[in-house]
Amino acid sequence: GELDRKGKAWRLPPARHQDLAQFRVALWADDRDYPVEPAYLDAIAAFVGDLRRLGVSVTEARPAIDPAESHDIYTSMLFGGWGTGLSDEAFAGYLAEARGLDPADRGWAARVGRAPAQTLRDWLLLLERRERMRYAWEAFFRDYDILLCPVMTTVAFPHDHSGVDHTAQLHRTIKVGNGTRPYLDNLIWPGLITVVNLPSTAVPMPHRVGGLPAGIQVVGG
């Protein structure tokens, strides 16, 4: 903003390498906490095969973080921040709802219901946990120049028009493999990167999934 512009400047280091084959590339494409549509995984594997044929070293690797904890922090911060825009009446409703939630419930309705009711202490503890994760990612990017990972759980899916307000998304589902997942699971992969403020570009891949275009996240430190 205007108030920050006078004293804020980005001093980015130069690119580590000039030739594609020199980059140390990590791949994180599937996880029991972060399931992915199998056909989308196949497209990612084909893309990685293309890179390897170009002489790029691609290694399956991930930072020393707990994916479930990362997701907890992300959703608490995302919907906690979103909750600041609620009216007083709506906020009171979230406070009342949060009191009746089981602390062990990790479903999307419970995540969204609890987040706006966080205390300042809760929020500061989230910031501390996120900072520890950022150090783990920093260590990871000392060994790798780039991380490749899915953009979302699946590629484009039919638009579900059911419901009339924001809470409708809590009841929608997406098809993943032979089963279904909550619609909001699409936040898992972008949230993994967003929560620790890492730069990411969604790059289109030449390999399609059932005729649909597919992308991959290219993430830097």
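For the structure itself, look to the data block above.
On a predicted model such as this, the values are computed, not experimentally measured, just so you know.

Caption draft 1: Quick peek at the overall build of the protein. Helix and strand content of the protein: seven helices and seven strands. Each helix (α) and strand (β) of the protein, taken in turn from the N terminus, gives the series α-β-α-β-α-α-α-α-β-β-β-α-β-β. Counting only C-alpha atoms, the protein reaches 60 × 50 × 35 Å along its principal axes. Of all 221 residues assigned to the protein, the portion counted as buried reaches 39%. A separation of at least 24 residues holds for 73% of the contacts in the protein among residues at least 6 apart in sequence.

Caption draft 2: Fine view of the pairing of strand β5 (residues 179-182). In terms of strand pairing, strand β4 (residues 173-176) meets β5 through four bridges, oriented antiparallel. Residue pairing across strands places K175 opposite T180, the latter belonging to β5. If you look at the hairpin formed by β4 and β5, you'll find two residues sitting between the two strands, and G177 has a positive phi there, around 65 degrees.

Caption draft 3: How the structure looks around helix α6 (residues 120-143). Taking 1.5 Å as the rise per residue, α6 with 24 residues should run 34 Å; its terminal C-alpha atoms sit 36 Å apart, in good agreement. All of the buried residues in α6 are L126, R130, M133, A136, W137, F140 and F141. Taken together, the buried residues of α6 touch β1 (24-27), α3 (67-82), β3 (146-150), α7 (188-194) and β7 (215-219).

Caption draft 4: Region of interest: the packing of aromatic side chains. By the definition in use, this model includes 10 aromatic pairs. On the basis of an interplanar angle of 80 degrees and a centroid distance of 5.2 Å, the ring pair of F140 and F141 is categorised as edge-to-face. By relative accessible area, which is 6% here, F140 ends up buried. In textbook terms, an aromatic cluster arises when at least three aromatic residues are bridged by ring pairs, as seen for W137, F140, F141 and Y144.

Caption draft 5: Structural detail: the pattern of salt bridges. Tallied over the entire structure, the rule returns nine salt bridges. For the salt bridge of R24 with D145, the shortest nitrogen-to-oxygen distance reads 3.2 Å. Of this pair, R24 sits in strand β1 while D145 sits in the loop between α6 and β3; the two residues are 121 residues apart in sequence, bridging distant segments of the chain. Classification of D145 as buried rests on a relative accessible area of 7%. Each of the salt bridges in this network shares a partner with another, and the network as a whole consists of R16, R24 and D145.

Caption draft 6: How the structure looks around unusual backbone geometry. At N197, a residue that is not glycine, the phi angle is positive and equals roughly 60 degrees. By secondary structure assignment, the location of N197 is in the loop between α7 and β6 (200-204).

Caption draft 7: Focus on the sheet that holds β7. Across the sheet, which stays open at both edges, the five strands sit in the order β2-β1-β3-β7-β6 with mixed pairing between neighbours. Two strands close off the open sheet at either side, each with one partner strand: β2 (57-60) and β6. Across this sheet, the average inter-strand angle for adjacent strands is 30 degrees, counted without regard to direction. The pairing of β3 with β7 spans four bridges and is antiparallel. When the sheet's bridge partners are listed, P150 is paired in β7 with I216. Of the strands in this sheet, β1, β3 and β7 are in contact with α6, which crosses β3 at around 115 degrees.

Caption draft 8: Summary view of the side chain of Q217. Take Q217: it is sitting in strand β7. Classification of Q217 by relative accessible area gives buried; the value is 6%. A distance of 2.8 Å separates a polar atom in the side chain of Q217 from a polar atom in the side chain of S200. Beyond its immediate sequence surroundings of up to four residues, Q217 is in contact with L147, L148, C149, P150, V151, W189, P190, I193, S200 and T201.

Caption draft 9: Layout of the packing of α3 against α6. Two numbers describe how α3 lies on α6: the axes approach to 10 Å, and their chain directions differ by 135 degrees. Taken as axis vectors, α3 and α6 run oblique relative to one another. α3 and α6 meet at a crossing whose hand is left-handed. Residues E69, S70, D72, I73, S76, M77, G80 and G81 of α3 pack against W123, L126, L127, R129, R130 and M133 of α6. Taken together, the residues that form the contact of α3 with α6 break down as six nonpolar, four polar and four charged.

Reading the values: rules and limits
Residues numbered from 1 in each chain as written. Predicted model: local features only at pLDDT ≥ 70, side-chain atom pairs only at ≥ 80, totals over all residues. Heavy atoms only, no water. Helix = DSSP H or I, 4+ residues; strand = E, 2+ residues; numbered from the N terminus. Buried < 20%, exposed > 50% of the residue type's maximum accessible area, 1.4 Å probe, protein only. Contact = heavy atoms within 4.5 Å. Pairing = 2+ DSSP bridges. Expected span 1.5 Å × (residues − 1). Phe/Tyr/Trp six-rings, centres within 6.5 Å; stacked < 30°, edge-to-face > 60°. Salt bridge = Lys/Arg side-chain N within 4 Å of Asp/Glu carboxyl O. Axes fitted to C-alpha atoms, helices over the stretch in contact; angles between N-to-C directions. Polar contact = N/O pair within 3.5 Å; in protein donor to acceptor, adjacent residues only side chain to side chain. Parallel < 35°, antiparallel > 145°, perpendicular 65-115°, else oblique. Left-handed = near helix turned anticlockwise from the far one by under 90°. Nonpolar A, V, L, I, M, F, W, Y, C, P; charged D, E, K, R; others polar.

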